[in-house]
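# Working through the structure, step by step
Listed below, chain by chain, are the residues.
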Amino acid sequence: MTISTPQRRALLTDAQLSRLAPSHPLRAAGTAHSPMIRAMAGDRPEHPPVWFMRQAGRSLPEYRAAREGTNMLEACLDPELAAEITVQPVRRHGVDAAIFFSDIVVPLKIAGVDVDIVPGRGPVMGSPYRELRDIESLPEIPDEAFDPIREAVGRAVDQLGSTPLIGFAGAPFTVAAYMAEGGSSRDHLGPRTMMHRDPEAWNALASWVARVSGQFLAAQVEAGASAVQLFDSWAGSLSERDYRAHVMHHSALALEAVEAYGVPRVHFGTGSSELLVAMKEAGGDVVGIDYRLDLDEATRRLGPETPVQGNIDPAMLDAGWEVLQKHTVDVLSKGRDAAAHIVNLGHGVPPSTDPTVLTRLVEFIHES
Ligand code: CP3
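Quantities reported herein were computed from a predicted structural model and do not represent experimental measurements. (Residues numbered from 1 in each chain as written. Predicted model: local features only at pLDDT ≥ 70, side-chain atom pairs only at ≥ 80, totals over all residues. Heavy atoms only, no water.)

## Focus on the overall build of the protein
Scanning the protein from terminus to terminus reveals 17 helices and 9 strands. The C-alpha radius of gyration computed for the protein amounts to 19 Å, which stays within 12% of the reference 21 Å derived for 368 residues, consistent with globular compactness. Overall, the C-alpha framework of the protein stretches about 55 × 45 × 40 Å when taken along its three principal axes. When the 368 residues of the protein are sorted by exposure, 60% land in the buried category. Relative to all contacts within the protein whose residues are 6 or more apart in sequence, the contacts with residues 24 or more apart total 72%. Entry remark: accessible area of the protein is about 14,200 Å², with carbon and sulfur atoms responsible for 48%. (Helix = DSSP H or I, 4+ residues; strand = E, 2+ residues; numbered from the N terminus. Rg over C-alpha atoms; globule rule 2.2 N^0.38 Å. Buried < 20%, exposed > 50% of the residue type's maximum accessible area, 1.4 Å probe, protein only. Contact = heavy atoms within 4.5 Å. Areas by Shrake-Rupley, 256 points an atom, 1.4 Å probe, with all protein chains shown as cover.)

Structure follows, in structure tokens:
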């Protein structure tokens, strides 16, 4: 079975599907025919499919209740809790896909790296990874160490039925940026200097992250994810020159880890308007566009055959329904230049968002 039209790159061929277990939702639950996976494969289903980055999180009271008293990384490694939080936004909003509840630093935790997620700050390392000797001490992760992830994905897809689960990982630059800085930073000077001062150490770090992010993606796909997204949230701090010279081959490696399965892969960055073409060259089937660039202009840069994802400005969620509706109509209209359009925000749901606005937005998009 091939679900894409002949003139487009074939996704999910028989040969690829046969690499997935017979019980995989793409084979057994029909997620291959869902509006989300069809759009990601380059088709235009009956209604535009929609999901939201950070839909599983602090904007939901049921998330805050479920998480009470549990540290973020502990929650990610508790299969029952992670599955429950993954399914919550599908139950509440009727979005066309779930995004796996986890974090880009979970593979680091699994590898035994001293990392925590501090509320209001994000990931923080016990010490930064800048010197080759520290980076060389990072371990290879045995595949069975990802078992809690496989179990959480399995529990989530059992509940999701024909609604696809999107797996994800952090792109090498974004994750390595946290590791090189030891935490968050504004302009990512640490990793951007490191790639020039000590390219050998930078390459060792970025390729270690590419391998573990690739393993993280593969574990999710094998356990039941029907698509994946690679998040390069901080790529926008790079020049295209540095992205091409020091970053893109590492991102390509992470994306290649699941290529053989044929599941659609979304490649997303923020502030990445000038990097879109290079990001597409690095790999992926769909390019995620942040809120800064109109989708018709993104399609002009990428070519009409590339499915796009995006890009309702998260700032509009709290700007009043009329404003949000008008903006959404504009986003839908500008998405029509591309072969296919997956509706999303141009970055994550802000924690202060009124969840009823998201539910209403999903209904509005489905009626469009
Ligand atoms: O709904 C979803 O998208 C589900 C899962 C998800 C989380 N993090 C859960 C989470 C995903 C896909 C991520 C990815 C992630 N994590 C990215 C890339 C996406 C992006 O937003 O650009 C990045 C950069 C991180 C690192 C990270 N983790 C940050 C910056 C933070 C916020 C820290 C804060 O308190 O401001 C986190 C924590 C985090 N990850 C939360 C959630 C639900 C909040 C945890 C809480 O409830 O306190």
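Next comes the rest of the account.
## Thoughts on the confidence of the model for the protein
Of all residues in the protein, 97% have pLDDT values of 70 or greater, and the mean over the chain is 95. Contacts from residues 1-10, a stretch scored under 50 in pLDDT, to residues over four places away or in other chains number 27 contacts. (pLDDT = per-residue confidence, 0-100.)

## A look at helix H6 (residues 79-93)
Compared with the 21 Å implied by 1.5 Å per residue over 15 residues, the 22 Å span of H6 between its first and last C-alpha is a close match. At Val87, H6 shows its maximal bend, which comes to roughly 30°, and the proline Pro89 appears one to four places after that position. Among the 15 residues in H6, 11 count as buried, and that is most of the element. All buried positions along H6 are accounted for by Pro79, Leu81, Ala82, Ala83, Ile85, Thr86, Val87, Gln88, Pro89, Val90 and His93. Residues of H6 that are buried in the fold lie against helix H4 (61-67), helix H5 (72-76), strand S1 (98-99), helix H9 (147-160), strand S4 (165-170) and helix H17 (355-367). Where H6 terminates, the next one or two residues include Gly94, which has phi positive at roughly 70°. (Expected span 1.5 Å × (residues − 1). Bend = angle between axes of the 7 residues up to and from the residue.)

## Remarks on the site of the ligand
Neighbouring residues of the ligand: 26 residues in total, closest Ala56, Tyr63, Gly120, Ser233 and His347. Within the residue set of the shell around the ligand, elements represented by two or more residues are H4 and strand S3 (122-125). Classifying every residue of the shell around the ligand gives 15 nonpolar, 7 polar and 4 charged. (Near = heavy atom within 4 Å. Nonpolar A, V, L, I, M, F, W, Y, C, P; charged D, E, K, R; others polar.)

## Quick word on the environment of Arg130
Note that Arg130 resides in the loop between S3 and helix H8 (132-136). The class for Arg130 is partly exposed, based on a relative accessible area of 32%. Separated by 52 residues in sequence, Arg130 and Gly182 have C-alpha atoms that sit 9.2 Å apart. The contacts of Arg130, once residues within four sequence positions are left out, are Ile135, Ala180, Glu181, Met194, Arg197 and Ala201.

## A few points about the packing of aromatic side chains
Enumeration according to the criterion identifies 8 aromatic pairs in this entry. When the ring of Phe168 is compared with that of Phe216, the centres are 6.0 Å apart and the planes differ by 80°; the resulting orientation is edge-to-face. Of this pair, Phe168 sits in strand S4 while Phe216 is found in helix H12 (residues 199-223), placing the two residues 48 residues apart along the sequence. No difference in accessibility class separates Phe168 from Phe216, as the two residues are buried. (Phe/Tyr/Trp six-rings, centres within 6.5 Å; stacked < 30°, edge-to-face > 60°.)

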